[in-house]
Amino acid sequence: MSPRAWPGVLGKDLAMNVHAAELAQTGQSPDQLRARAGYYRLLAGAFIEEPGRDYLIALRSKEVQAELHDLGVRFDPDVTDTDVDTLVSELACEYAALFTSPGGCPPIESARLSGRLQQTAFEQVRAAYAQAGFKVRQGRFTLFEDQLGVELSFVAALLDRLAAARKADDLDSAKHLEKEIKRFWALHLGLWVRGYARLLERVTVHSFYREIAALLGTFAEAELELIGVHVDDVDGGREVVPKADIPLEFNPDEPVCGGCRGPDSDSAVA
């Protein structure tokens, strides 16, 4: 994610979402829609892979820090005063501990809702991406389609398209994109992002992820209210997610193990 996608279009628009969510989605201008997309990308950049040097330099700029400060984001000196190269290294360790190590809390919808990878949510979002022509580019780590950063990036892309449709007065396309954004929140992000944000805020030891988690939770609540989607928080911020049962198909006509016989033998074939 390029940090140029989001500095300078953050605070006022999210504050408007948080404090005046009665603004109808259909009344948002292309600039406001692009500002929302910028927030999605800012948050996505914290999860797709370890925050890189360019991302952190942009995040720590006076302009962005002032805008985030207005929203209640308060990074500790471990973010604001640490040498950027040291910060990159520290956040790489925290990223691994939180998201890729055994016992961590991977930001993946299937894992958060079913305790397993590549479950129903994975297949559903992959189909949604294909239908929209959205392709997942792999980075340093294997990215599952239902990973948080990917899901946020997808909605950002839809918002960019919606802004373009509004600017072109393409009402049919705009209406379709609004429905797709609502649908994705109702079927995916809305089910797990709020609870996951609370969990991450509790378990991280670095103020970067603590504040990103708090912003994620606030942003999710504001977005749901703004687009008029009401859905239960299924994730619930659980530290341990029970593994869902995997349905197995059973054909009663197939022989059980040890019940097969060879074509020229009366003995069972193991």
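The preceding data block contains the structure.
My aim in this report is to walk through the structure given alongside it, one point at a time. (Residues numbered from 1 in each chain as written. Predicted model: local features only at pLDDT ≥ 70, side-chain atom pairs only at ≥ 80, totals over all residues. Heavy atoms only, no water.)

A word on the overall build of the chain
Note the cut-off: Each helix is a run of H or I in the DSSP string that is no shorter than four residues. Each strand is a run of E no shorter than two, and both are numbered from the N terminus. Burial classification: accessible surface area is computed with a 1.4 Å probe over protein chains only, and a residue below 20% of its type maximum counts as buried, one above 50% as exposed, and the rest as partly exposed. For this analysis, residues touch if any pair of their heavy atoms sits within 4.5 Å. Surface exposure here means Shrake-Rupley accessible area, sampled with a 1.4 Å probe, where a residue is shielded only by the protein chains that are shown.
Helix and strand counts for the chain come out as eleven helices and two strands. Here the chain holds 270 residues, and 45% of them are scored as buried. Sequence-distant contacts, at least 24 apart, represent 74% of the contacts inside the chain between residues at least 6 apart. Carbon and sulfur atoms form 51% of the exposed surface of the chain, whose accessible area is close to 14,100 Å².

A short note on the pattern of salt bridges
What counts, and what does not: Note on definitions: salt bridges are taken to be side-chain nitrogens of Lys or Arg within 4 Å of carboxyl oxygens of Asp or Glu.
As enumerated under the stated definition, the model contains eleven salt bridges in all. Residues Glu-123 and Arg-126 are paired through a salt bridge, measuring 2.9 Å at the closest nitrogen-oxygen approach. Of this pair, Glu-123 and Arg-126 are both found in helix α8 (residues 120-132), three residues apart, which corresponds to roughly one turn of the helix. Among the salt bridges present, the one from Glu-178 reaches Arg-166, with a minimum N-O distance of 2.4 Å. With Glu-178 in helix α10 (residues 171-203) and Arg-166 in helix α9 (residues 148-167), this residue pair connects regions lying twelve residues apart in the sequence. Note on accessibility: Glu-178 and Arg-166 belong to one class, buried. One network of salt bridges, in which partners are shared, links Asp-76, Arg-210 and Glu-211.

Looking at the layout of surface pockets
Cut-off, in case you're wondering: Cavity means a closed set of points on a 1 Å grid over the protein atoms alone, one where a 1.4 Å probe fits but cannot get out, pocket means an open set with protein on both sides within 12 Å along at least 5 of 7 lines, and lining means a residue has an atom within 4 Å of a point. Grid points are joined across faces, edges and corners, and a volume is the space filled by probe spheres set on the points. Under the scheme applied here, ten amino acids are nonpolar (Ala, Val, Leu, Ile, Met, Phe, Trp, Tyr, Cys and Pro), four are charged (Asp, Glu, Lys and Arg), and all others, including Gly, are polar.
Quantified by volume, the second largest pocket comes out at close to 260 Å³. Along the wall of the second largest pocket there are 15 residues; nearest its centre are Ala-128, Gln-131, Phe-154, Glu-180 and Arg-183. Of all the elements in the fold, those that place two or more residues in the lining of the second largest pocket are α8, α9 and α10. Counting residues per element, the lining of the second largest pocket draws most heavily on α10, at seven residues. Classifying every residue of the lining of the second largest pocket by side-chain character gives eight nonpolar, four polar and three charged.

Description of the nonpolar core
Filter applied, for reference: Definition used in this section: a nonpolar core is a set of buried Ala, Val, Leu, Ile, Met, Phe, Trp, Tyr and Cys residues joined via side-chain atoms within 4.5 Å.
By size, the foremost hydrophobic cluster in this structure holds 65 residues, and its most contacted members are Phe-47, Leu-148, Trp-185, Leu-189, Tyr-196, Phe-208 and Tyr-209. Within the residue set of this core, elements represented by two or more residues are α2 (30-45), α3 (53-59), α4 (62-70), α6 (84-100), α8, α9, α10 and α11 (207-227). At 13 residues, the largest contribution of residues to this core is made by α10.

Describing the packing of α2 against α9
Definition in use: Here the axes come from fitting lines to C-alpha atoms, over the contacting stretch only for helices, and the angles between their N-to-C directions go from 0 to 180 degrees. Oblique is the label for every angle not falling under 35 degrees (roughly parallel), over 145 degrees (roughly antiparallel), or within 65 to 115 degrees (roughly perpendicular). Rotating anticlockwise by less than a right angle from the far helix to the near helix defines a left-handed crossing, while the corresponding clockwise rotation defines a right-handed one.
In the contact formed by α2 and α9, the axes pass within 8 Å of each other and the chain directions differ by 165°. When the interaxial angle is binned, α2 and α9 end up roughly antiparallel. Every pair of crossing elements has a handedness; the one defined by α2 and α9 is left-handed. Listed contacts from α9 to Pro-30, Leu-33, Arg-34, Arg-36, Ala-37, Tyr-40, Arg-41, Leu-43 and Ala-44 of α2 are Gly-149, Leu-152, Ser-153, Val-155, Ala-156, Ala-157, Leu-159, Asp-160, Leu-162, Ala-163, Arg-166 and Lys-167. Classifying every residue of the contact of α2 with α9 by side-chain character gives 13 nonpolar, two polar and six charged.

Quick notes on α8
This is how the line gets drawn: Multiplying 1.5 Å by the residue count of a helix minus one yields the expected span of that helix. Taking the helix axis as origin, the arc is that swept by the directions to the C-beta atoms.
For α8, spanning 13 residues, the distance from its first C-alpha to its last is 19 Å, which sits close to the expected 18 Å at 1.5 Å a residue. Regarding α8, the residues found buried are Ala-121, Phe-122, Val-125 and Tyr-129. Projected down its long axis, α8 shows its buried positions confined to an angular sector of 100°, all on one face. For α8, the exposed residues lying more than 90 degrees away from the buried face are Thr-120, Ala-130 and Gln-131. Residues of α8 that are buried sit in contact with α7 (109-114), α9 and α10.

Side note on unusual backbone geometry
One non-glycine residue, Gln-118, lies in the positive phi region at around 55°. For Asp-169, which is not glycine, the phi torsion reads 55° and is therefore positive. Mapped onto the secondary structure, Asp-169 falls in the loop between α9 and α10. Assessed through its relative accessible area of 61%, Asp-169 is described here as exposed.

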